[in-house]
Amino acid sequence: MTGTNNVDWKTLSRIYIVLLLLPVSAIAADEYARDRQQLVEEIEQSVRDTSLYLDKEELDPRVMTAIGDVPRHEFMPAAYRSLAYTNRPLPIGHGQTISQPYIVALMTDLIKPQPGDRILEIGTGSGYQAAILAELAGQVYSIEIIEALGKQAEEHLAQLGYDNITARIGDGYYGWEEHAPFDAIVVTAAASHIPPPLIRQLKPGGLMVVPVGSRFLTQQLVLVSKEPDGQLVTRQILPVRFVPLTGGHD
Ligand code: SAH
């Protein structure tokens, strides 16, 4: 009898050790899996509702898989974690927000990320958009102007094991010359105009998505495609509301 008990204790302690070794994110991710699936369905509905703007009824399934996989709650301050899977932008501190999941999905879809692509993101913020991009592209470079946010995002991304994201603190208006040219560029803060350095750092044949307009009103989400001959073609997608692109430029 005592023998059996001993075996049970050993097994139990082994299970306990295994649980301790599991990363917290792996356990938490399952806890939110259903919420995340619901969010995917909500985004699909929003895409259908806005299909006249988007010119399509659904986004690339790979993008929706990434939304279903990336634990958005891991990028949120504890106070907002319970709202992580609502289709809303939420505060992340320093007057900034994590973008609405529908907008993250849409922007990702618009730049058509491919497995080998090198992508530049301006405005790391929480790191969530960078993680979605990293699921679908080869390398993601992301620039954040607020040091505390950038550092925190880097920590979260490292904890989740994203080793194909390189982040730095700086003014993203000027891009990241050292790693240019990029297959695609995602600007996640509103600019009064499309930053010329970013146009230069976009590959011919590349795509850039950027909210353009006044910082106080709604802006237009603009898709810029740089044709193989270097010519620019822009298309307004839909009205959006982003925090402003700050920094030294005018
Ligand atoms: N992509 C983010 C969205 C963050 S909101 C996410 O998924 O959470 C936009 C971010 O852009 C803010 O964190 C803001 O500080 C940053 N930002 C604003 N102007 C910037 C600039 N000139 N260069 C780099 N980042 C900038």
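Residues numbered from 1 in each chain as written. Predicted model: local features only at pLDDT ≥ 70, side-chain atom pairs only at ≥ 80, totals over all residues. Heavy atoms only, no water.

A. Broad picture of the overall build of the protein. Counting its secondary structure elements, the protein contains 9 helices and 9 strands. Going through the 250 residues of the protein one by one, you find that 47% of them count as buried. Taking contacts inside the protein between residues at least 6 apart in sequence as the whole, the part at least 24 apart equals 55%. (Helix = DSSP H or I, 4+ residues; strand = E, 2+ residues; numbered from the N terminus. Buried < 20%, exposed > 50% of the residue type's maximum accessible area, 1.4 Å probe, protein only. Contact = heavy atoms within 4.5 Å.)

B. Representation of the pattern of salt bridges. Scanning the model with the defined rule gives 4 salt bridges in all. Between Asp109 and Lys56 there is a salt bridge whose closest N-O contact spans 2.4 Å. Taken as a pair, Asp109 in helix α6 (residues 101–110) and Lys56 in the loop between α4 (51–54) and α5 (61–69) lie far apart in primary sequence, 53 residues in all. For Asp109, a relative accessible area of 5% translates into the label buried. (Salt bridge = Lys/Arg side-chain N within 4 Å of Asp/Glu carboxyl O.)

C. Fine view of the side chain of Gln219. Secondary-structure assignment places Gln219 in strand β8 (residues 219–226). On the basis of relative accessible area, Gln219 is assigned to the buried category, the value being 2%. At a separation of 2.8 Å, a polar atom in the side chain of Gln219 contacts the main-chain amide nitrogen of Phe242. For Gln219, the residues in contact, after removing those within four places along its chain, are Ala190, Pro211, Val212, Gly213, Ser214, Leu238, Pro239, Val240, Arg241 and Phe242. (Polar contact = N/O pair within 3.5 Å; in protein donor to acceptor, adjacent residues only side chain to side chain.)

D. Quick look at the site of the ligand. The immediate surroundings of the ligand are formed by 26 residues, with Ser126, Glu144, Asp171, Gly172 and Thr246 found nearest. At 2.6 Å from an oxygen atom of the ligand is found a side-chain nitrogen or oxygen belonging to Ser126. At the level of elements, β2 (96–98), β3 (118–122), α7 (128–136) and β4 (139–144) are the ones that each hand at least two residues to the shell around the ligand. (Near = heavy atom within 4 Å.)

E. Expanded view of the packing of helix α3 (residues 33–49) against α6. Contact geometry for α3 and α6: axes closest at 10 Å, N-to-C directions at 70°. The orientation of α3 relative to α6 falls into the category roughly perpendicular. The handedness of the crossing between α3 and α6 comes out as right-handed. Contacts from Leu39, Ile43, Ser46 and Val47 of α3 reach α6 at Pro101, Tyr102 and Ala105. Split into classes, the residues belonging to the contact of α3 with α6 amount to 6 nonpolar, 1 polar and no charged. (Axes fitted to C-alpha atoms, helices over the stretch in contact; angles between N-to-C directions. Parallel < 35°, antiparallel > 145°, perpendicular 65-115°, else oblique. Left-handed = near helix turned anticlockwise from the far one by under 90°. Nonpolar A, V, L, I, M, F, W, Y, C, P; charged D, E, K, R; others polar.)

F. Structural detail: the packing of aromatic side chains. Applying the stated criterion across every chain, the model contains 5 aromatic pairs. The side chain of Arg72 reaches across the aromatic face of Tyr128, ending 5.6 Å from its centre. (Phe/Tyr/Trp six-rings, centres within 6.5 Å; stacked < 30°, edge-to-face > 60°. Lys NZ or Arg CZ within 6 Å of the ring centre and 35° of its normal.)

G. Quick peek at the confidence of the model for the protein. Counting all residues, the mean pLDDT for the protein is 91, and 88% of those residues have values of 70 or more. Below a pLDDT of 50 lies the segment residues 1–5, which in the model reaches 0 contacts outside its immediate sequence neighbourhood of four places, other chains included. (pLDDT = per-residue confidence, 0-100.)

H. Structural context of the pairing of β3. Counting buried positions over the 5 residues of β3 gives 4, a clear majority of the element. As paired elements, β3 and β4 share 5 bridges and run parallel to each other. Each bridged residue has a counterpart across the sheet, and for Arg118 the counterpart in β4 is Gln139. Each parallel crossover has a hand, and for β3 linked through α7 to β4 it is right-handed. (Pairing = 2+ DSSP bridges. Right-handed = clockwise from strand over helix to strand, strands pointing away.)

I. Fine view of α5. Inspection of α5 places Val63, Met64, Ala66, Ile67 and Gly68 among the buried residues, and these make up the whole buried set. As for α5, its buried residues are in contact with α3, α6 and α7. The backbone nitrogen of Arg62 has a side-chain oxygen 2.9 Å away, supplied by the residue at the start of α5, namely Asp60.

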